[in-house]
Amino acid sequence: MNRIYFDHAATTQVDQAVADLMFEYMTDKFGNPSSIHGFGREAFSAVDKARQQVADLIGATPEEIYFTSGGTEGDNLAIKGIAYANKNKGKHIITTSIEHHAVLHTCQQLEQEGFEVTYLPVNDEAVVDIEVLRQAITPGTILISIMYANNEVGSIQPIEDIVRLGHEYGIDVHTDAVQVAGNYPINVTDCPVDALTLSGHKFYGPKGIGAIYVRKGTRILAIQQGGGQEKNLRAGTENVPGIVGLGLAAEVAQREMVDRVEQISNLRDQLIRGIMKSIPDTKINGHASNRLPGNVNFSFIGVEGESLLLNLDMKGIAASSGSACSSGSLSPSHVLLAMGLPHEVAHGSLRITLGRHNTEQEVNYLLEVLPPIIERLRSMSAWDGQSYSKKQEDYCSNCQLK
Amino acid sequence: MYTEKVMDHFMNPRNVGEIVQADGIGEVGNAKCGDIMRIYLKVDNDIITDIKFKTFGCGAAIATSSMVTDLAKGKSVKEAEQITNKMVAEALGGLPPIKMHCSNLAADALREAINDYQSKKESEQDE
Ligand SMILES: Cc1ncc(COP(=O)(O)O)c(C=O)c1O
Ligand SMILES: [Zn+2]
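As the structure is a prediction and not an experimental result, all values here were calculated from the model. (Residues numbered from 1 in each chain as written. Chains lettered and ligands numbered in written order. Predicted model: local features only at pLDDT ≥ 70, side-chain atom pairs only at ≥ 80, totals over all residues. Heavy atoms only, no water.)

**Re the overall build of chain B**
Helix and strand counts for chain B come out as six helices and three strands. Traced from its N-terminal end to its C-terminal end, chain B shows the element sequence α-β-β-β-α-α-α-α-α. In terms of overall size, chain B behaves like a compact globule, its C-alpha atoms giving a radius of gyration of 14 Å where 127 residues would be expected to give roughly 14 Å. Reported as C-alpha extents along the three principal axes, the dimensions of chain B are approximately 50 × 30 × 20 Å. Across the 127 residues in chain B, those meeting the buried criterion constitute 54%. A fraction of 63% describes how many contacts in chain B between residues 6 or more apart in sequence connect residues 24 or more apart. (Helix = DSSP H or I, 4+ residues; strand = E, 2+ residues; numbered from the N terminus. Rg over C-alpha atoms; globule rule 2.2 N^0.38 Å. Buried < 20%, exposed > 50% of the residue type's maximum accessible area, 1.4 Å probe, protein only. Contact = heavy atoms within 4.5 Å.)

Set out below in structure tokens:
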């Protein structure tokens, strides 16, 4: 059976040229960039080149790029680093309720350490309201961290407005651009955030490597101690194979950006239209149009997400869901709940994230197999989408989800 | 993560559907938690002659519903009452620990249906 990969927000396949280049820097060119000899210099200049490639992808200068072990470390470093560096100015941070756990759990940790965090609500399309943000600002606010686009429902935030507002009050703005960088154009000159996180494996680079952009002059402290790598901001011998891979992936992404965005968003719109037309009682999750090129997210009333994923997997299709049972946690996606979806509708969500290798045939195949799967699951479902609304406030008696 | 047996009961569930004039109906769970199970019984001379289920839920929820109906079919009400969630899980070759919530509903739904049958029978005898 042909396998179809529709889960590009989870991770992507490493580009062949990227993998080849990484191999070279694990074998022949294995030097430590800090070494003075030829092996070291070879590695050093490769890291230098990658820094330029990553900077070019987002319109930054290479001096503003710091390599990390991925998106999670990048979010930790940017948020904690800026918070610690500014704690004498204030201890208030503003973020949103739909961030990735790399941001949410970092903020929760800072709360333990005495910082105060506001988690902004979002509207039913998972977008932050600028006025709500303005009202949350206090004299002690030192950082606003709002994701560029959401990983589950794809909604793109009004980051330019957010930055303008933050700067009006002299507050640094960080954005988690992990889903955006390499997949959708970003430019830190047009949208002058103070810090930004990106991750290699979301755009055909390797896992375990990423970078943060930190605008020149932004106050930030290291959160781990060791050697003086990355200008003392991120100690540890550089992951040279990962860094060169990230660099090349960034260059390829930039070169192919316009074509990829067009091709992928066309497939996305075809898929959205196809599902709306062929399956009744569905709800699209996220912003209708202002969403990541590859993101499609639906809830199918009366259907539970994990059952749906297993059925699709039997047809060779890999997708994802925000249901409790598919996430391995006990509660459905915090993003869908923050958008105001009832739990039972959140349990029935399906996320399809398209990538550059997906074809129209694959989309058509999904449109062919999905309606009968939904119909079959609904025909055996004990929930018709209606009768439970009266009980919505209660959990079942033997439920552990409270 | 699921055994072959679980996947078989999930993809080819036994006894799916409703019984129109059921002698007992049991329902557990709640859509909010992501699982609801409803079991319908037909009882003749204290023997479960027919049993059907409808489930909103994950793979484990559907597979356990299917298995519990298979185990109960043809048994006396007394025997069926003895079926536990543990027996259902064992018959399926085990279930992942993370699935405890969804896996622990099927035998409860069966017992609810049996309770419903018995209370209907008692109220008939009272008349
Ligand atoms: C929005 C967002 N932030 C952060 C991360 C974490 O990135 P990484 O997997 O590189 O640690 C992810 C990916 O899972 C993500 O989607
Ligand atoms: Zn479940």
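**Description of the interface of chain A and chain B**
The interface of chain A with chain B comprises 31 residues on the first partner and 32 residues on the second. For the pairing of chain A and chain B, the buried interface totals around 2700 Å² over both sides, and the portion due to carbon and sulfur atoms is 62%. Put simply, chain A and chain B have zero salt bridges between them. At the surface where chain A touches chain B, the tally comes to eight residue pairs in polar contact (both at pLDDT 80 or more). Elements with a minimum of two residues in the side of chain A that touches chain B: helix H8 (305-314), helix H11 (343-346) and helix H12 (360-379) of chain A. Residue composition of the side of chain A that touches chain B, by class: 13 nonpolar, eleven polar and seven charged. (Buried area = accessible area lost by both parts, 1.4 Å probe. Salt bridge = Lys/Arg side-chain N within 4 Å of Asp/Glu carboxyl O. Polar contact = N/O pair within 3.5 Å; in protein donor to acceptor, adjacent residues only side chain to side chain. Nonpolar A, V, L, I, M, F, W, Y, C, P; charged D, E, K, R; others polar.)

**Considerations on unusual backbone geometry**
What is expected of a backbone is that most residues other than glycine have negative phi and most peptide bonds are trans. Not every positive phi belongs to a glycine, and Tyr 204 of chain A is a case in point at roughly 70°. For Tyr 204 of chain A, a relative accessible area of 3% corresponds to the buried category.

**Section: the site of ligand 1**
Residue and element names in this part refer to chain A. Taken together, 13 residues sit near ligand 1, with Gly 71, Thr 72, Asp 176, Ser 199 and Lys 202 positioned nearest. Within the backbone of Gly 71, a nitrogen or oxygen atom sits 2.8 Å from an oxygen atom of ligand 1. Of all the elements, helix H3 (residues 71-85) adds the most residues to the shell around ligand 1, at three residues. Across the shell around ligand 1, the residue classes break down as two nonpolar, eight polar and three charged. (Near = heavy atom within 4 Å.)

**Observations concerning the domain arrangement of chain A**
All names here are of chain A. Assigned domains within chain A: domain 1 (4-9 + 257-396) and domain 2 (16-254). Domain 1 and domain 2 are separated by 29 Å when their C-alpha centres are compared. Contact residues are listed per partner, giving 24 residues for domain 1 and 31 residues for domain 2. Summed over both partners, the interface of domain 1 with domain 2 buries about 2400 Å², with 54% contributed by carbon and sulfur atoms. Looking at the side of domain 1 facing domain 2, the largest losses of area belong to Met 257, Leu 292 and His 334, adding up to 29% of the total buried there. Taken together, the connections running from domain 1 to domain 2 amount to zero salt bridges. Counting across the interface, domain 1 meets domain 2 through 14 residue pairs in polar contact (both at pLDDT 80 or more). Only helix H7 (240-278), strand E10 (295-300) and helix H10 (334-338) provide two or more residues apiece to the side of domain 1 that touches domain 2. (Domains from an automatic or database assignment.)

**So, helix H2 (residues 59-72) of chain B**
In this model H2 of chain B runs 20 Å from its N-terminal to its C-terminal C-alpha over 14 residues, within 8% of the 20 Å that 1.5 Å per residue would give. Looking at H2 of chain B, one finds that the buried residues are Gly 59, Ala 60, Ala 61, Ile 62, Ala 63, Thr 64, Ser 65, Ser 66, Met 67, Val 68, Thr 69 and Ala 72 of chain B. (Expected span 1.5 Å × (residues − 1).)

**Comments concerning the nonpolar core**
Grouped together as the largest cluster of nonpolar side chains are 74 residues, with contacts concentrated most on Ile 58, Ile 65, Phe 67, Val 193, Leu 196, Leu 198 and Phe 203 of chain A. Of all the elements, H7 of chain A adds the most residues to this core, at eleven residues. Two domains each provide a minimum of three residues to this core, namely domain 1 (4-9 + 257-396) and domain 2 (16-254) of chain A. In contact with Leu 198 of chain A, not counting residues within four places along its chain, are Val 54, Ile 58, Gly 70, Gly 71, Val 178, Ala 181, Phe 203, Gly 210, Ala 211 and Leu 246 of chain A. Core analysis: the next-biggest nonpolar cluster, separate from the first, contains 65 residues, Leu 271 and Ile 272 of chain A together with Met 37 and Ala 61 of chain B among them. (Core = buried A, V, L, I, M, F, W, Y, C linked by side-chain atoms within 4.5 Å.)

**Looking at the pattern of salt bridges**
Counted under the stated rule, the structure contains 21 salt bridges over all chains. Between Glu 90 of chain B and Lys 86 of chain B there is a salt bridge, with the nearest N and O atoms lying 3.6 Å from each other. A residue pair is termed a helical-turn pair when its members lie 3 or 4 positions apart in one helix, as Glu 90 of chain B and Lys 86 of chain B do in helix H4 (residues 85-91) at four residues. An identical accessibility class is assigned to Glu 90 of chain B and Lys 86 of chain B; each is exposed. For Asp 116 of chain B, the salt bridge is made with Lys 120 of chain B, and the minimal N-O distance between the two is 3.2 Å. Of the two residues, Asp 116 of chain B and Lys 120 of chain B both sit in helix H6 (residues 106-126), four residues apart, roughly one turn of that helix. Since its relative accessible area comes to 34%, Lys 120 of chain B is described here as partly exposed. One connected set of salt bridges, linked through shared partners, spans Asp 15, Glu 256, Arg 260 and Arg 356 of chain A.

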